[in-house]
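Working through the structure, step by step
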Amino acid sequence: MLALDFHPTGRHFLQIPGPSPVPDRILRAMSLPTIDHRGPEFGALGRKVLGGIREIFKTQHPVVIYPASGTGAWEAALANTLSPGDKVLMYETGHFASLWNKMALRLGVEPEFLAYAGTDDVLPQAASWRRGVQPDMLEDRLRKDTERKIKAVCVVHNETSTGATSDIAAVRRAIDAAGHPALLMVDSISGLASADFRHDEWGVDVTVSGSQKGLMLPPGISFNALSPRALEASKTARLPRAFWAWDEIVEMNNDGYWPYTPNTNLLYGLSEALDMLLGEGLDNVFARHQRWAAGVRAAVNAWGLPIQCADPAVYSPVLTGVITPEGVDADALRKLIHQRFDLSLGTGLGKLKGRMFRMGHLGDSNDLTLVAMVAGVEMGLQLTGVPLAGSGVQAAMAHFAAHPAAQALRTV
Ligand SMILES: *Cc1c(COP(=O)(O)O)cnc(C)c1O
């Protein structure tokens, strides 16, 4: 028997910070028959999702949808705007920023990787992985680039490996303060549709995103939101690109079609997700995630364990990373919790392997599913013999009870 053939009773608790739990409404929408991607119904679907997704990014400009994971959209952002040997300024917030940096190297551009210069008492080897982007460092570096060799600044909005949400408006202000013409490219793969994001207002040139985090879809589609400056840069950029090239896609998207076979059933899901998110209102979506995050952090604080993000100003509304005491293998803890309670937690990535785990609080969740997640983690910590200062379950319940959501879940 395959492990996947075994269906335990109740729901699996998918509490990794993406893929996030997919609402039943979306699963049902995706089960519709696959249609002709050149036919009339498809054009209507294409036009609807291409229009709706602009509202999610808060942009008036084109958003390209790729049948690819977020990593593909990272490549598309670089390949469409840069030429071989171009200098790019990146910032090390964690594992995902590091992977994007590695990709830039592979593609033949010259990334410079800035990192937080201060020290950290809890994780001295990963000080930069406990904080957000420091815009003043970017500004200083851009001011020194008197020959304007740096063509783009690339940052991660919500660093999913750590749980720090950087201030993208402040990054834009830093670039403007330096009077520098570099493009601003932002990975909001896990930030979009769960943390406040404003592509146009924040002057972002390319936003990269994906389906399986705040949009509550399965993995498989990803996005590049563009600015007029990004489109202009793509006309002279010389990195090779074919599948990822914006021009043909943007052209055919005008009528709601793609140059190749798009991911029809995921687009049904996207259509449903747009109805749900825009129907709720993005401000309500963001407030809902902030409130959940505060309840989960109350639990971690009650346990007396350090939160991976050391700067409360940039705590993520999407996930909370928890550092385990020295000598406690966070992956062994995760394995125990998975086996005993059918609850999946995010692993410590890269430099953080074995020293932390991540609790996702995004997408199709509610107070009770999050209290259950906290309960599963608390039981796992107790079984592992981790000394706890107090009950996180009690703290999360107290937080949610004392802070009612702005919108009641049921109105009758
Ligand atoms: C999930 C994620 C990625 C990677 O996306 P894939 O869909 O796995 O390729 C990149 N950056 C961030 C911030 C992410 O959360």
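Everything discussed here concerns the structure shown above.
The following refers to the structure shown. Just so it is clear, the model here is predicted, and its values are computed rather than measured.

A few words now on the nonpolar core. Within the largest apolar cluster, 84 residues are counted, with the highest numbers of intra-cluster contacts made by Tyr66, Val153, Leu215 and Leu270. Broken down by element, this core gets its largest block of residues, eight residues, from helix H9 (residues 264–280). Excluding its chain neighbours within four sequence positions, the residues that come into contact with Tyr66 are Ala73, Ala76, Asn80, Gly220, Ile221, Ser222, Asn224, Phe243, Trp244, Trp246, Ile249 and Tyr260. By size, the runner-up hydrophobic cluster in this structure holds 28 residues, among which are Ala299, Val371, Val374 and Phe400.

Turning to the pattern of salt bridges, a few remarks are in order. Any two side chains of opposite charge can pair, on the condition that their charged atoms come close. Within the structure shown, the criterion is met by 22 salt bridges. The closest approach of N and O atoms between Glu201 and Arg198, which form a salt bridge, is 3.1 Å. The exposure class of Glu201 is exposed, given its relative accessible area of 58%. A relative accessible area of 26% means that Arg198 is categorised as partly exposed. Overlapping salt bridges bring together Lys58, Asp196, Arg198 and Glu201 as one network.

Before going further, it helps to examine the site of the ligand. Neighbouring residues of the ligand: 13 residues in total, closest Ser69, Thr71, Thr160, Asp187 and Lys213. Gly70 places a polar main-chain atom, nitrogen or oxygen, 2.8 Å from an oxygen atom of the ligand. Here Lys213 contributes a side-chain N or O atom positioned 2.6 Å from an oxygen atom of the ligand. Considering every element that reaches the shell around the ligand, the biggest residue donor is helix H3 (residues 70–81), with three residues. Class assignment for the residues of the shell around the ligand results in four nonpolar, seven polar and two charged.

Turning to the sheet that holds strand E4 (residues 110–114), a few remarks are in order. Judged by pairing direction, the sheet is mixed, and its seven strands sit side by side in the order E2-E10-E9-E8-E5-E3-E4 without closing on themselves. Looking at the sheet topology across the chains shown, the edges are occupied by strand E2 (63–66) and E4. Pairwise comparison of adjacent strand axes, ignoring direction, gives a mean angle of 20 degrees for this sheet. As judged from the four bridges shared by E2 and strand E10 (residues 222–226), these two strands associate in the antiparallel manner. Paired with Val64 across the strands is Asn224, a residue of E10. Sheet strands touched by helix H4 (residues 95–107): strand E3 (87–91), E4, strand E5 (150–156), strand E8 (183–187) and strand E9 (206–210). Its angle to E4, the strand with the most contacts, is close to 155 degrees. Strand contacts of helix H6 (residues 168–177): E5 and E8, with the helix running at about 160 degrees to E8, the strand carrying the most contacts.

Take the packing of aromatic side chains next. As enumerated under the stated definition, the model contains nine aromatic pairs in all. Relative to Trp100, the ring of Trp74 lies with its centre 6.0 Å away and its plane at 10 degrees, an arrangement referred to as stacked. Here the residue Trp74 occupies a position in helix H3, and Trp100 occupies one in helix H4, the gap between them amounting to 26 residues. For Trp74, a relative accessible area of 4% translates into the label buried. Here the aromatic rings of Phe197 and Trp202 are separated by 5.5 Å at their centres, their planes lie at 80 degrees, and the arrangement is edge-to-face.

The next thing to look at is unusual backbone geometry. Of note, the bond from Gly18 into Pro19 is cis; its omega dihedral lies within 30 degrees of zero at -5 degrees. Among the secondary structure elements, Pro19 is positioned in the loop between strand E1 (13–15) and helix H1 (24–30). For Ala193, which is not glycine, the phi dihedral falls at a positive 65 degrees. Along the chain, Ala193 turns up in the loop between E8 and E9.

On to the packing of H3 against H4. Where H3 contacts H4, the axes come no closer than 10 Å and their chain directions differ by 50 degrees. Between H3 and H4, the crossing angle belongs to the class labelled oblique. The interaxial crossing formed by H3 with H4 has right-handed handedness. From H3, Thr71, Trp74, Glu75 and Leu78 reach across to H4, where they touch Phe96, Leu99, Trp100, Met103, Ala104 and Leu107. Classifying every residue of the contact of H3 with H4 by side-chain character gives eight nonpolar, one polar and one charged.

Each value, and the rule that gives it
- Residues numbered from 1 in each chain as written.
- Predicted model: local features only at pLDDT ≥ 70, side-chain atom pairs only at ≥ 80, totals over all residues.
- Heavy atoms only, no water.
- Core = buried A, V, L, I, M, F, W, Y, C linked by side-chain atoms within 4.5 Å.
- Buried < 20%, exposed > 50% of the residue type's maximum accessible area, 1.4 Å probe, protein only.
- Helix = DSSP H or I, 4+ residues; strand = E, 2+ residues; numbered from the N terminus.
- Contact = heavy atoms within 4.5 Å.
- Salt bridge = Lys/Arg side-chain N within 4 Å of Asp/Glu carboxyl O.
- Near = heavy atom within 4 Å.
- Polar contact = N/O pair within 3.5 Å; in protein donor to acceptor, adjacent residues only side chain to side chain.
- Nonpolar A, V, L, I, M, F, W, Y, C, P; charged D, E, K, R; others polar.
- Pairing = 2+ DSSP bridges.
- Axes fitted to C-alpha atoms, helices over the stretch in contact; angles between N-to-C directions.
- Phe/Tyr/Trp six-rings, centres within 6.5 Å; stacked < 30°, edge-to-face > 60°.
- Parallel < 35°, antiparallel > 145°, perpendicular 65-115°, else oblique.
- Left-handed = near helix turned anticlockwise from the far one by under 90°.

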